[in-house]
Amino acid sequence: MPRQVVITTATLVVLAALVGYWLGQRQVTVDASGVIEAVADAHVADHGGDRAQCVGWPGREDAVFHVRCGAMLYAVDRWGRVTRMQQEGGI
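Residues numbered from 1 in each chain as written. Predicted model: local features only at pLDDT ≥ 70, side-chain atom pairs only at ≥ 80, totals over all residues. Heavy atoms only, no water.

A.B. asks: What is the right way to read the environment of Arg51 from this model?
C.D. replies: Relative to the assigned elements, Arg51 resides in the loop between helix 2 (32-47) and strand 1 (54-58). A C-alpha to C-alpha distance of 9.1 Å links Arg51 and Ile36, two positions 15 residues apart in sequence. (Helix = DSSP H or I, 4+ residues; strand = E, 2+ residues; numbered from the N terminus.)

In structure tokens, the structure reads:
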């Protein structure tokens, strides 16, 4: 087998391994108390109120966690991104 083919194949294998390792390190661990605290802090900063009024529970499908603060419902995905889903009285 030509030397250039071996070098190219080895380079591609190493690059694929490095990209796989990098993507694996990007995994985010989400714990319940940290999620509730982060969403509560953001809610209080945006809307005021009390952090103690926020409660959370496990979600389904894209949202791995839901947090309700007063009338607002927030969804948190597996990467830790927060989206406001609905507000009491409408979506």
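A.B. asks: Looking at this structure, I do not really get the nonpolar core. What am I missing?
C.D. replies: If you look at the biggest cluster of nonpolar residues, it comprises 10 residues: Val35, Val39, Ala40, Cys54, Phe65, Val67, Cys69, Met72, Tyr74 and Val76. Broken down by secondary-structure element, the contributors of at least two residues to this core are helix 2, strand 2 (63-69) and strand 3 (72-77). Sequence-distant contacts of Ala40, defined by excluding residues within four places in its chain, comprise Arg51, Cys54 and Cys69. (Core = buried A, V, L, I, M, F, W, Y, C linked by side-chain atoms within 4.5 Å. Buried < 20%, exposed > 50% of the residue type's maximum accessible area, 1.4 Å probe, protein only. Contact = heavy atoms within 4.5 Å.)

A.B. asks: What am I meant to see in the environment of Asp62 here?
C.D. replies: Topologically, Asp62 is positioned in the loop between strand 1 and strand 2. For Asp62, a relative accessible area of 69% corresponds to the exposed category. Taking C-alpha positions, Asp62 is 48 Å from Pro2, a pair spaced 60 residues apart along the chain. Every residue in contact with Asp62, bar those within four places of it in the chain, is listed here: Val76, Asp77 and Arg78.

Just distances and angles here, no functional claims.
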